[in-house]
Amino acid sequence: MSDPIIKFDKVVKRFGDLTVLDALDFEVMRGEKVSIIGPSGSGKSTVLRILMTLEGIDGGLVTVGGEPLWHEPGPDGLRPASEAHLRKMRAQLGMVFQQFNLFPHMTVLRNITEAPVKVLGLSKADAKLRAEELLERVGLADQAQKYPHQLSGGQQQRVGIARALAMRPSILLFDEPTSALDPELVGEVLNVIGQLAEEHDLTMLLVTHEMRFAREISDRVCFFDQGQIREEGTPEELFSDPNEDRTREFLKAVLD
Ligand SMILES: Nc1ncnc2c1ncn2[C@@H]1O[C@H](COP(=O)(O)OP(=O)(O)O)[C@@H](O)[C@H]1O
Ligand SMILES: [Mg+2]
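What comes next is a walk through the structure.

What counts, and where the lines are drawn
- Residues numbered from 1 in each chain as written.
- Chains lettered and ligands numbered in written order.
- Predicted model: local features only at pLDDT ≥ 70, side-chain atom pairs only at ≥ 80, totals over all residues.
- Heavy atoms only, no water.
- Axes fitted to C-alpha atoms, helices over the stretch in contact; angles between N-to-C directions.
- Helix = DSSP H or I, 4+ residues; strand = E, 2+ residues; numbered from the N terminus.
- Parallel < 35°, antiparallel > 145°, perpendicular 65-115°, else oblique.
- Left-handed = near helix turned anticlockwise from the far one by under 90°.
- Contact = heavy atoms within 4.5 Å.
- Buried < 20%, exposed > 50% of the residue type's maximum accessible area, 1.4 Å probe, protein only.
- Pairing = 2+ DSSP bridges.
- Phe/Tyr/Trp six-rings, centres within 6.5 Å; stacked < 30°, edge-to-face > 60°.

1. A word on the packing of helix 5 (residues 153-165) against helix 6 (residues 183-197)
For step 1, the next point in the chain: The N-to-C vectors of helix 5 and helix 6 enclose an angle of 20°; their axes lie 8 Å apart at closest approach. In terms of orientation, helix 5 lies roughly parallel with respect to helix 6. The interaxial crossing formed by helix 5 with helix 6 has right-handed handedness. For the pair helix 5 and helix 6, contact is made by Gly-153, Gly-154, Gln-155, Gln-157, Arg-158, Ile-161 and Leu-165 and by Leu-185, Glu-188, Val-189, Val-192, Ile-193 and Leu-196, respectively.

Structure below.
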C-alpha cells in the first residue's frame, strides 16, 4: 500500500439545488478494503456511481490509479474527459449493485461473458472459460444455463459478483449488496465477498449496513454524513470507540 488508487480531491456533486458531496476528500490505497457506512441520503452511492462513471462531478478532481477520471490532459490543462477516456478508466472498476442489475433476457453465462466479449474483445470461448471459472468460485457452476428469474436473490447477487470479476477489475465496488436479500440469503453472499477480501491485490470499497461484516473484513471504515466523511478509522476504533457523537448515535441506531 503506497499511492492511493482512488482519490477524491475536494469533489463537489450537486443534483439541482442539492449539494450531495461538499468538497469531499477521500482516499483509498491499493489493496485496501474500505467500508462506507452512514445514514440514507448521505452520498454513499453517489461516491460509487461517480467512480463507476455513472455520475459526473461539478467540482474538484477524482483520480483512479493516479490518472484523472472525469478529466483528461488537453493543450490548456485538464479538460472534461472524452467517452474514450471514460471507457478506458472504467475498465479498472467493477460494481455490484443492490438490485443485482442482471440482464433478464440473458442466461447466467451470457450475463458474465457479454462485457468481456463486447468491451475487452475476448473470444467467446475464452470468455466462457473465464465465466465458468468464476461461477465455480461463487458456487454456481451448475447454474450457467439458467435465467436470472430462475435463481434466488442470493444466487443472482453471486452472478452479479462473478459478472463484475469477469472484467478483471483492480477495484471492486459494492453498493449495499445484501440489502435487497431475504435474511437467510445474506450469508452466502457475504461469504463470497469475504473470500474476495482475502485477495491481497484487489481494492474493495463496500457500502453496507452489515456492521459486523464490515468490522470483520475492513482495513478501514468511513462514516459518511451529509456528503462528508464525519469520522474514519480502523474497525476497532470506529465501532468500539468512536470520537464523534454523530457516529455514536448512528451506530446505536443501527446496532440496536
Ligand atoms: N439522480 C438523482 N437526482 C436527484 N437527486 C439524487 C439523485 N441521486 C441521488 N440523489 C440525492 O442525493 C442524495 C444522496 O444520495 P445517495 O448517494 O444515493 O445516498 P446514500 O447512498 O447514502 O443513501 C439523496 O438526497 C438523494 O435523494
Ligand atoms: Mg445508497
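2. Regarding the pairing of strand 3 (residues 33-37)
For step 1, the next point in the chain: In terms of residue burial, strand 3 counts as a mostly covered element, since five of its five residues are buried.
For step 2, the next point in the chain: On strand 3, burial covers both faces: Lys-33, Ser-35 and Ile-37 on one face and Val-34 and Ile-36 on the other are all buried.
For step 3, the next point in the chain: By the bridge criterion, four bridges tie strand 3 to strand 10 (residues 203-207) in an arrangement that is parallel. From the neighbouring strand, Ile-36 faces strand 10, where its bridge partner is Val-207.
For step 4, the next point in the chain: Relative to strand 11 (residues 220-225), strand 3 runs parallel, the two being bridged by four bridges. Of the residues in strand 11, the one forming a bridge with Ile-37 is Phe-223.

3. Here's the deal with the pairing of strand 6 (residues 71-74)
For step 1, the next point in the chain: Here strand 6 pairs with strand 7 (residues 77-80) via four bridges, running antiparallel. Note on strand 7: the bridge partner recorded for His-71 is Pro-80.
For step 2, the next point in the chain: Hairpin remark: strand 6 followed by strand 7, antiparallel, with two residues in the connecting loop.

4. Observations concerning the packing of aromatic side chains
For step 1, the next point in the chain: Scanning the model with the defined rule gives three aromatic pairs in all.
For step 2, the next point in the chain: Consider the rings of Phe-26 and Phe-224, whose centres lie 6.2 Å apart with planes at 85°: the pair is edge-to-face. Here Phe-26 is found in strand 2 (residues 18-29), whereas its partner Phe-224 is found in strand 11, with 198 residues between them in sequence. Phe-224 carries the same exposure label as Phe-26, and that label is buried.
For step 3, the next point in the chain: On the basis of an interplanar angle of 40° and a centroid distance of 5.1 Å, the ring pair of Phe-223 and Phe-250 is categorised as tilted. Of this pair, Phe-223 sits in strand 11 while Phe-250 sits in helix 9 (residues 245-255), and the two are 27 residues apart along the sequence. Here Phe-223 and Phe-250 have matching classes, each one buried.

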